[in-house]
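# Coordinate inspection notes
Below, each chain spelled out in residue letters.
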Amino acid sequence: MKTYKRSGKFFIIGLLFSLIGFSLNSMATEVSSVANNKVKRILIVGGGSSHDYDKWYKEADLNLLNALEGMSAIYTDNTDSIQHYLKNVDLLVLSNNQPIPKASQQAIEKFVSKGKPLVLLHAALWYNWEDWPLYNRLFVGGGSSSHEDFQEFKNRVVNSGHPITEGVSPQFSFKDELYRYAPGPDSEGVEVLVIGESLETDEVYPVVFTVKHPKSKIVGITLGHDENSHLDADYKKLVVNAVKWTLNK
Ligand SMILES: [Zn+2]
């Protein structure tokens, strides 16, 4: 009886150690699997005039990205806050039509110089910021100073072999503003993936492109004025592909 009790105690103590050991082991496994499949954090910046940012960037595009496995996106229209968010962000998506203060400009420059990627949507591809010429030169690879009237025009994939155009219709149309985007003379250059065909002239303009940068992956999509684009399957595919491509090492 005595022996039984003692061995019972040892058995219980042994069992406790085993349980503690097991739970420590499983915790370690869980932590390492989280580290290996780390959730990618995305910050979308919007806000400013002429667009319904809450509806199409804070709601539609944010939901689109948060539905992707392994991604977690947040939205802000407070450009002061960019500098604070960037410390914990893997990808910055800019769509804002409002100025970015100096401290956040510097934080973005540091972010990109460390090789962190950028996706630039619609208004973020404008020549907007006289106090920040480096933005257009290094990140936009040029810019847009005007656009054609809001109307339906034809977009054509010109590089179907790129991961960003995978699964996108070879030609697609919806109502939008065709930005008269042009690469800048002092930029590193762009690789054009989709062009938009003017209805007003014989011109074509890049509407989806990558911007050459020594360290970072940067994608520009000039489309995205309102619901006509944001609810379109090809637009959504381009945004999702662009985000995945920039985050894929
Ligand atoms: Zn617009």
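Preceding block: the structure.
This one's a predicted model, so the numbers in the text were calculated from it and none came from an experiment.

What counts as what
- Residues numbered from 1 in each chain as written.
- Predicted model: local features only at pLDDT ≥ 70, side-chain atom pairs only at ≥ 80, totals over all residues.
- Helix = DSSP H or I, 4+ residues; strand = E, 2+ residues; numbered from the N terminus.
- Buried ≥ 20, exposed ≤ 12 C-beta atoms within 10 Å, placed from the backbone.
- Contact = placed C-beta atoms within 7 Å.
- Axes fitted to C-alpha atoms, helices over the stretch in contact; angles between N-to-C directions.
- Parallel < 35°, antiparallel > 145°, perpendicular 65-115°, else oblique.
- Left-handed = near helix turned anticlockwise from the far one by under 90°.
- Nonpolar A, V, L, I, M, F, W, Y, C, P; charged D, E, K, R; others polar.
- Pairing = 2+ DSSP bridges.
- Right-handed = clockwise from strand over helix to strand, strands pointing away.
- Expected span 1.5 Å × (residues − 1).
- Arc of directions from axis to C-beta.

Moving on: the overall build of the chain. Counting its secondary structure elements, the chain contains seven helices and eleven strands. When each of the 249 residues of the chain is scored for burial, the buried share is 34%. In the chain, once contacts between residues fewer than 6 apart in sequence are set aside, the share between residues at least 24 apart is 68%.

Taken N-terminus to C-terminus, the directions of helix α2 (residues 53-66) and helix α7 (residues 233-247) make an angle of 55 degrees; their axes are 11 Å apart at the nearest point. In this view, α2 runs oblique relative to α7, as classed from their interaxial angle. The interaxial crossing formed by α2 with α7 has right-handed handedness. Contact residues: Asp61, Leu64 and Leu65 in α2; Lys236, Val239, Val240 and Val243 in α7. Here the residues of the contact of α2 with α7 sort into five nonpolar, no polar and two charged.

Before going further, it helps to examine the sheet that holds strand β9 (residues 190-197). Across the sheet, which stays open at both edges, the nine strands sit in the order β2-β1-β3-β4-β11-β10-β9-β6-β7 with mixed pairing between neighbours. Edge positions in the open sheet fall to β2 (71-76) and β7 (171-176), since each of these has one partner strand only. Each strand of the sheet is rotated relative to its neighbour by a mean of 25 degrees, with strand direction disregarded. Its contacts with the sheet place α2 against β1 (40-45) and β2, and it is angled at close to 170 degrees to β2. Helix α5 (residues 133-140) rests against β4 (118-121), β10 (204-211) and β11 (218-221) of the sheet, and its axis sits at about 110 degrees to β4.

Covered by surrounding structure in strand β3 (residues 91-94) are Leu91 and Val93 together with Leu92 and Leu94, the residues of both alternating faces. In this region the chain leaves β3, passes through helix α4 (residues 102-113) and returns to the parallel neighbour β4; the handedness of that crossover is right-handed.

Note that Ala60 resides in helix α2. Counting along the chain gives 167 residues from Ala60 to Glu227, while the straight-line C-alpha distance between them is 9.0 Å. Among residues more than four places away in sequence, those in contact with Ala60 are Lys55, His230 and Leu231.

Turning next to α2. In this model α2 runs just 17 Å from its N-terminal to its C-terminal C-alpha over 14 residues, more than 12% under the 20 Å that 1.5 Å per residue would give. Among the residues of α2, those classed as buried are Tyr53, Trp56, Tyr57, Asp61 and Leu65. When α2 is viewed along its axis, its buried side chains cluster within an angular range of 100 degrees and face the same direction. Projecting away from the buried face of α2 at angles above 90 degrees are the exposed residues Lys55 and Asn63. In this fold, the buried residues of α2 make contact with β1, β2, α6 (227-230) and α7.

Taking 1.5 Å per residue, 15 residues should reach 21 Å; α7 reaches 21 Å between its end C-alpha atoms and fits that length. Of the residues making up α7, those classed as buried are Asp234, Tyr235, Leu238, Val239, Asn241, Ala242, Val243 and Thr246.

On to the environment of Asn128, then. As for its placement among the helices and strands, Asn128 is situated in the loop between β4 and α5. Along the chain, Asn128 and Gly143 lie 15 residues apart, while their C-alpha atoms are 8.8 Å from each other.

As judged from the six bridges shared by β1 and β2, these two strands associate in the parallel manner. If you follow Arg41 over to β2, its bridge partner there is Ser72. In this fold, the crossover linking β1 to β2 by way of α2 has right-handed handedness.

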